[in-house]
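Letter by letter, the chains look like this.
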Amino acid sequence: AGEFWQVYGLPVISIPPNRPCVREQWGDRIFLEEATKWHVVADEITKLHATGRPLLIGTRSVFASERLAASLRERGMDAKVLNATRLADESAIVALAGEPGRITIATNMAGRGTDIKLGQGVAALGGLHVIATERHESGRVDRQLFGRAGRQGDPGSAQAFVSAEDELIRRHLPAPARKVLAETLRRTVPAQERISKAAFRLAQRRAQKLAYRQRQEILNSDLMLDQALSFASPDPIG
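Predicted, not measured: the structure shown is a model, and the values here were computed from it.

1. Examining the pattern of salt bridges
Taken as a whole and judged by the stated rule, the model has 15 salt bridges. Salt-bridge contacts for Glu167 lead to Arg171; the nearest nitrogen and oxygen are separated by 3.3 Å. You can see Glu167 and its partner Arg171 sitting in helix α7 (residues 167-172), four residues apart, about one turn around the helix. Taking relative accessible area as the criterion, Arg171 reaches 51% and is therefore assigned exposed. Of the charged contacts in the structure, one is a salt bridge between Arg187 and Glu183, with a shortest N-O distance of 3.7 Å. On the basis of relative accessible area, Arg187 is assigned to the partly exposed category, the value being 49%. In this structure Glu183 comes out as partly exposed when scored by relative accessible area, which is 32%. Here the salt bridges do not stand alone but share partners, grouping Arg60, Glu134, Glu137, Glu167 and Arg171 into one network.

Now the structure itself:
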């Protein structure tokens, strides 16, 4: 809201939802190693798929989406993959993500703007379940992914699976904090969950501040360019 006001001079208002959101936000699962995380994600998908619930799994990259799909095929499960490489089919695929027993893997940009309707009997099973396989650099993107479940008052749930080796941690958490996080996850300590969540919040805040500074630099460059060009003559000869 502050950035919209600063850049465009426009206020931001909050529009209440059409229907109350009843989506369940399950606690994050935090792991030391990325390989362990992916193994547990596959186990969780296998367990929930057996109940008949539809699943939407969010990944940060095309490579991760294809790798997870291959892992599920080895377990005898078929997943539809949306990774912004099959644009013509993605709206149709994501529209069916709420059908019973459906497994859909999607990257950030895939299938946006398409509503997911629950299939027959899915509401009684708990609705669509969303799994985030990493936290994103922007908390807004996380909320967008989780918001695919529990739309328009439908039941649903969401959960994130993260590790100390995730890109967010490697790029944006200071080295001393990374060391503390790794030691905390390596040894079961009483404050493990609190320390781990604090580390991910810190990394995400630092990533968001960096993105804000980059947007400000681009804006300043545009303003300087506009000012410089305003003195240029429209006559190429002059």
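Anyway, onward from the coordinates.
2. So, the pairing of strand β7 (residues 156-163)
Most of β7 sits out of view: eight of its eight residues are buried. Burial of β7 is two-sided: the residues Gly156, Ala158, Ala160 and Val162 facing one way and the residues Ser157, Gln159, Phe161 and Ser163 facing the other way are all buried. Bridging between strand β1 (residues 24-25) and β7 involves two bridges; their strand directions are parallel. Directly across from Gln25, in β7, lies its bridge partner Ala158. Note: strand β6 (residues 128-132) against β7, five bridges, orientation parallel. For Ala132, the partnering residue across the bridge sits in β7 and is Ala160.

3. A look at the packing of helix α2 (residues 34-49) against helix α3 (residues 62-74)
Running from amino to carboxyl end, α2 crosses α3 at an angle of 55°, the nearest separation of the two axes being 11 Å. By the criterion of interaxial angle, the relationship of α2 to α3 is oblique. For the pair α2 and α3, the crossing hand works out as right-handed. Note on element contacts: α3 touches α2 through Ala64, Arg67, Leu68, Ser71 and Leu72, opposite Glu34, Trp38, Val41, Ala42 and Ile45. Looking at the contact of α2 with α3 residue by residue, the class counts come to seven nonpolar, one polar and two charged.

4. With respect to the side chain of Asp142
Within the element layout of this structure, Asp142 appears in helix α6 (residues 139-146). The class for Asp142 is buried, based on a relative accessible area of 3%. When residues no more than four places from it in sequence are discounted, the contact partners of Asp142 are Glu134, Arg135, His136 and Gln204.

5. Section: the confidence of the model for the chain
Confidence in the prediction of the chain, expressed as mean pLDDT, is 89, and 92% of residues score 70 or more. By mean pLDDT, the top-scoring element of the chain is α2 (97), and the lowest-scoring one is helix α4 (residues 87-95) (73).

Calculation rules
- In every chain, residue numbers begin from 1 and rise along the written sequence.
- Only residues with pLDDT of 70 or above have their local features reported here, since the model is predicted, and side-chain atom pairs are shown and tallied only from 80 upward, although totals for entire chains, interfaces and linings are computed over all residues.
- Derived side-chain values reflect all non-hydrogen atoms in the structure, with water molecules and hydrogen atoms excluded from consideration.
- A side-chain nitrogen of Lys or Arg and a carboxyl oxygen of Asp or Glu constitute a salt bridge if their distance falls within 4 Å.
- The helix count covers DSSP runs of H or I at least four residues long, the strand count covers runs of E at least two residues long, and both are numbered beginning at the N terminus.
- Accessibility here uses a 1.4 Å probe with only protein chains present; expressed as a share of the type maximum, an area under 20% marks a residue as buried, one over 50% as exposed, and anything in between as partly exposed.
- DSSP bridges decide pairing: two strands pair if at least two such bridges lie between them.
- Each axis is a line fitted through C-alpha atoms, and for a helix only the stretch in contact is used; angles between axes span 0 to 180 degrees, taken between their N-to-C directions.
- Note on angle classes: values under 35 degrees are labelled roughly parallel, values over 145 roughly antiparallel, values of 65 to 115 roughly perpendicular, and the remainder oblique.
- Each helix crossing is assigned a hand: it is left-handed if the near helix lies turned anticlockwise from the far helix by less than a right angle, otherwise right-handed if that turn is clockwise.
- In this analysis, two residues are considered to be in contact whenever any of their non-hydrogen atoms come within 4.5 Å of each other.
- Three classes are used: nonpolar for Ala, Val, Leu, Ile, Met, Phe, Trp, Tyr, Cys and Pro, charged for Asp, Glu, Lys and Arg, and polar for all others, with Gly counted as polar.
- The pLDDT value tells you how sure the predictor is about a given residue, anywhere from 0 up to 100.

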